[in-house]
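The lines below spell out each chain.
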Amino acid sequence: MDFLNPAMITDPYPHFARWREEAPIWWDENIKGWVLTRHDDVRAILKDSAAYSSEIMGQGNHLPLLADDPPRHTQLRALVDRAFTVRMLRTMEDRVAEIATDLVAQIPADEPVDIVTRLTTPLPVAVISEMMGIPTDRAEDFKRWSDALTGTLAGISMESRQREIFEMAGFFQSLIPQRRADPQEDLVSAVVNAEIDGERLADADIVGFNILLLIAGNETTTNLLGNLLNILADRPDLYARLVAQPELIDAAVEETLRFDAPVQFLMRKVKRDAEYHGQRVAEGDTVNVVMASANRDPRAYEDPDTFSLERPRNHHHTFGFGIHFCMGAPLARLEARVALRVLLARFPQLRRGAGENERVPSHLLRGFHHLFLRFSA
């Protein structure tokens, strides 16, 4: 068993199925951590932030929220949650639809197109750029920086990745004096001028916070929407049904999150000794909880390897669980829902297009760098 087996980038799910049945917990020497794949184990660990710290997630990138535990996490999270309220997202929906409509209008009918470069990447980057108050002409930089931080650039050296990350940090550092002198109605200004216990955040925390907002605001949506369209390209019956019944779009988005999760696993650091399936897990150990496997556990889902719009209880863990539930989840759902609605309205037919599809070269994130499809009116 090898958690970082390159074959898993193509299709990890047969591996997960074998691990769930044969070794629900096992030690991977390459990553120096335990791997847990069953639904109830994953849920229990994600839920218990007191016993399993998220500190390990921030090592090497210094991202607040991702790496913090209570009480600091609670204070920082409150700043972000105000930006992603239901009311705020409702005001954003019309703007998301405008951007999606413009992008879809530029997709030619009956020609192969790389939907990643045409829609699934530019849509969320444009939306989060507007929310953060950053010029959209930096879109290519944002995607390059984001890929460097998440390790999803194929063939790039660690030295090159670090250069990209430093460039991104420098960009956000340059915004701090601007937004302090002239605050705007945007997320960057909100973070720059936020206070916790009467004190402003340190510059390093502000930079890390904004980097996290940028990544949370685009990576998940890009991968979610790409995975959804990839599934529908092989299921013309489902695509036709969504054209006829757009009220099922929400179900399609949720089932994609379960069936082919854009985020495959999370890491936690064990804060006190525990035991799973007769195996002792010691304080200080790292555990890798595989949500993408938990989402297909037959103990929790009927016929889990089938994509179904009728799934009665879709309690997947793709966005995490508990206090570290993904802050970008509501925005990702909104953008995927709106983009699919716009596509269905303009193109009643979808099939695969000529071109070389390319999965994101990552075991953590699952999506596409290139996905060629053909839409017909």
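A. Inspection of the overall build of the chain at higher detail. A count of helical and extended segments in the chain gives 16 helices and 14 strands. Of all intrachain contacts in the chain linking residues separated by at least 6 positions in sequence, the fraction that spans at least 24 positions is 71%. In the structure as shown, the chain presents an accessible area of about 16200 Å², 51% of it carried by carbon and sulfur atoms.

B. Focus on the pairing of strand 2 (residues 33-36). Sheet analysis places strand 1 (residues 25-28) next to strand 2, joined by 4 bridges and oriented antiparallel. Bridging across to strand 2, Trp27 finds its partner in Trp34. The hairpin formed by strand 1 and strand 2 contains 4 residues between the paired strands, and Lys32 there has a positive phi angle of roughly 55°. When strand 2 meets strand 10 (residues 286-289), the two strands line up parallel, connected through 3 bridges. Its bridge partner being in strand 10, Trp34 is matched across the sheet by Val287.

C. The sheet that holds strand 7 (residues 266-270), seen in detail. Pairing is mixed in the open sheet, where 5 strands are placed in the order 1-2-10-7-3. In the strand order of this sheet, the two ends are held by strand 1 and strand 3 (52-53), each with one partner. Examined bridge by bridge, strand 7 and strand 10 share 4 bridges and lie antiparallel to one another. The residue bridging Lys269 from the neighbouring strand is Thr286, located in strand 10. Each of strand 2, strand 3, strand 7 and strand 10 is contacted by helix 3 (residues 39-47), which is oriented at about 125° to strand 10, the strand it contacts most.

D. Just the packing of aromatic side chains, in detail. Considering all chains together, one arrives at 12 aromatic pairs under this definition. Relative to Trp145, the ring of Phe142 has its centre 5.9 Å away and its plane inclined at 50°; by these criteria the two rings are tilted. Of the two residues, Phe142 and Trp145 both sit in helix 8 (residues 139-150), 3 residues apart, roughly one turn of that helix. Over the aromatic face of Tyr301 sits the side chain of Arg258, whose NZ or CZ is 5.4 Å from the ring centroid.

E. Main features of helix 7 (residues 122-132). The element helix 7 is extensively covered by neighbouring structure, given that 9 of its 11 residues are classed as buried. All buried positions along helix 7 are accounted for by Leu123, Pro124, Val125, Ala126, Val127, Ile128, Ser129, Met131 and Met132. Positive backbone phi, approximately 75°, marks Gly133, located one or two places after helix 7.

F. View of helix 11 (residues 203-216). Between its first and last C-alpha atoms helix 11 spans 20 Å; for 14 residues at 1.5 Å apiece the expected length is 20 Å, and the two agree. Along helix 11, 11 of the 14 residues are buried, which leaves the element largely enclosed by surrounding structure. Three or more residues of helix 11 are buried, namely Ile206, Val207, Gly208, Phe209, Asn210, Ile211, Leu212, Leu213, Leu214, Ile215 and Ala216.

G. View of the packing of helix 13 (residues 236-244) against helix 16 (residues 329-346). Between helix 13 and helix 16, the least distance of the axes is 9 Å, while the angle of their chain directions is 90°. With respect to helix 16, the axis of helix 13 lies roughly perpendicular. Across the interface between the two elements, Tyr239, Leu242 and Val243 from helix 13 touch Leu340, Leu343 and Leu344 from helix 16. For the contact of helix 13 with helix 16, a count of residues per class yields 6 nonpolar, no polar and no charged.

H. Region of interest: the sheet that holds strand 4 (residues 112-114). Taken together, 3 strands build an open sheet; the order of strands is 4-14-11 and the sheet is antiparallel. At either margin of the open sheet sits one strand with a lone partner, and together these are strand 4 and strand 11 (349-352). Strand after strand, the sheet turns through a mean of 40° between neighbouring axes, direction not considered. Judged from the 3 bridges that link them, strand 4 and strand 14 (residues 372-376) form a sheet pairing that is antiparallel. Across the sheet, the residue bridging to Pro112 is Arg374, located in strand 14.

Cut-offs and rules
Residues numbered from 1 in each chain as written. Predicted model: local features only at pLDDT ≥ 70, side-chain atom pairs only at ≥ 80, totals over all residues. Heavy atoms only, no water. Helix = DSSP H or I, 4+ residues; strand = E, 2+ residues; numbered from the N terminus. Contact = heavy atoms within 4.5 Å. Areas by Shrake-Rupley, 256 points an atom, 1.4 Å probe, with all protein chains shown as cover. Pairing = 2+ DSSP bridges. Axes fitted to C-alpha atoms, helices over the stretch in contact; angles between N-to-C directions. Phe/Tyr/Trp six-rings, centres within 6.5 Å; stacked < 30°, edge-to-face > 60°. Lys NZ or Arg CZ within 6 Å of the ring centre and 35° of its normal. Buried < 20%, exposed > 50% of the residue type's maximum accessible area, 1.4 Å probe, protein only. Expected span 1.5 Å × (residues − 1). Parallel < 35°, antiparallel > 145°, perpendicular 65-115°, else oblique. Nonpolar A, V, L, I, M, F, W, Y, C, P; charged D, E, K, R; others polar.

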